[in-house]
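What follows is each chain in one-letter form.
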Amino acid sequence: MKVAVTGTPGVGKTSSSELVRSIKVVHVNDIVDECNAVVGFDERRKTKEVDVRKLGKAVSKIEGDVLLEGHFSHLLGVDVAIVLRCSPKVLNERLSAKGWPEEKVRENVEAEAVDVILIEAVETTSDVCEVDTTKKSPAEVAAAIEEIIAGETEKYPVGNVDWSREVLDWF
Ligand SMILES: Nc1ncnc2c1ncn2[C@@H]1O[C@H](COP(=O)(O)OP(=O)(O)OP(=O)(O)O)[C@@H](O)[C@H]1O
Ligand SMILES: [Mg+2]
């Protein structure tokens, strides 16, 4: 079984996955470098452009159960996608604290507010769960990931996270 831990940058994919013990954890960024999947650099976004098909091929060669952690891990032919979510307000604080440029922070906060990664995950993957990390520690998020891997998916159905009230408060 291949499980993706995905979500908008800053939601805590890396921090929480590092604490998961029940399955081998692979950081997608490491495979990107190993298989030379970088095809360019987006100057405006200050991010690497990655060949997702090449990455998917590399992932398909991984044998056995694996948890793939990264913000496009849900696009790599996984069986289950766990989408980590974070309140846009809190995500704004977390990304600003990282020292990211205001434009890049805003772009990601907006993507989280309108469910961009969730929608992609639902379009590409048959089993999708959502975990709200806003008030959870990385250890608690890791525990939720372990529960989902153990089959307790009903606690984290698609739709259990909804930022619409928070977003409407912006107006
Ligand atoms: N549950 C949490 N509660 C509070 N802060 C957190 C939590 N998870 C992560 N953080 C903090 O938020 C920041 C982003 O976390 P992390 O790097 O794990 O996110 P990510 O989803 O892997 O982001 P990226 O897509 O950029 O790799 C870090 O400074 C981290 O310490
Ligand atoms: Mg990360």
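Heads up: the structure comes first, above all this text.
Predicted, not measured: the structure shown is a model, and the values here were computed from it.

Asker: Can you explain helix α5 (residues 102-113)? Please cite residues and give values.
Answerer: Look at α5: 16 Å from first C-alpha to last across twelve residues, which is about the 16 Å you get at 1.5 Å a residue. Of the surrounding elements, those touching the buried residues of α5 are α4 (88-97). With its phi angle positive at about 65 degrees, Asp 115 sits one or two positions after the end of α5.

Asker: Residue-level account of the sheet that holds strand β6 (residues 80-85), with values.
Answerer: Pairing is parallel in the open sheet, where five strands are placed in the order β2-β5-β1-β6-β7. Of all strands in the sheet, those bounded by a partner on one side alone are β2 (24-27) and β7 (127-132). Averaged over all neighbouring strand pairs, the angle between strand axes comes to 20 degrees, with direction disregarded. In terms of strand pairing, strand β1 (residues 2-6) meets β6 through four bridges, oriented parallel. Looking at β6, one finds that Ala 4 is bridged to Ala 81. Helix α6 (residues 116-124) rests against β1, β6 and β7 of the sheet, and its axis sits at about 170 degrees to β6.

Asker: Quick one: what's the story with the site of ligand 1, residue by residue and with numbers?
Answerer: The full set close to ligand 1 counts 15 residues, and Pro 9, Gly 12, Lys 13, Thr 14 and Ser 15 are the nearest of them. Elements with a contribution of two residues or more to the shell around ligand 1: α1 (13-17) and α7 (138-149). Among the elements that line the shell around ligand 1, the one with the most residues is α1, at three residues. Among the residues making up the shell around ligand 1, the classes are represented as four nonpolar, eight polar and three charged.

Asker: Let's hear about the pairing of strand β5 (residues 66-69): which residues, and what values?
Answerer: Every other side chain in a regular strand lies on the same face of the sheet, so the side chains alternate between the two faces. Inspection of the sheet shows β1 paired to β5 by four bridges, in the parallel sense. Paired with Lys 2 across the two strands is Val 66, which belongs to β5.

Asker: Please give an account of the packing of α4 against α5 that cites residues and values.
Answerer: Two quantities define a packed helix pair, namely the angle between the axes and the distance from one axis to the other. Relative to each other, α4 and α5 sit at 155 degrees, their axes nearing to 9 Å. Taken together, the axes of α4 and α5 lie roughly antiparallel to each other. For the crossing formed where α4 meets α5, the hand is right-handed. In this structure, α4 uses Pro 88, Leu 91, Asn 92, Leu 95 and Ser 96 to contact α5, whose residues at the interface are Val 105, Asn 108, Val 109, Glu 112 and Ala 113. Of the residues in the contact of α4 with α5, the class split is six nonpolar, three polar and one charged.

Asker: Describe the environment of Lys 24, naming the residues involved and giving the relevant values.
Answerer: With respect to the helices and strands, the residue Lys 24 is situated in strand β2. Separated by 43 residues in sequence, Lys 24 and Leu 67 place their C-alpha atoms 6.0 Å apart. Contacts of Lys 24, omitting those with residues within four sequence positions, involve Asp 65, Val 66 and Leu 67.

What counts as what
Residues numbered from 1 in each chain as written. Chains lettered and ligands numbered in written order. Predicted model: local features only at pLDDT ≥ 70, side-chain atom pairs only at ≥ 80, totals over all residues. Helix = DSSP H or I, 4+ residues; strand = E, 2+ residues; numbered from the N terminus. Expected span 1.5 Å × (residues − 1). Contact = placed C-beta atoms within 7 Å. Pairing = 2+ DSSP bridges. Axes fitted to C-alpha atoms, helices over the stretch in contact; angles between N-to-C directions. Near = placed C-beta within 6 Å. Nonpolar A, V, L, I, M, F, W, Y, C, P; charged D, E, K, R; others polar. Parallel < 35°, antiparallel > 145°, perpendicular 65-115°, else oblique. Left-handed = near helix turned anticlockwise from the far one by under 90°.

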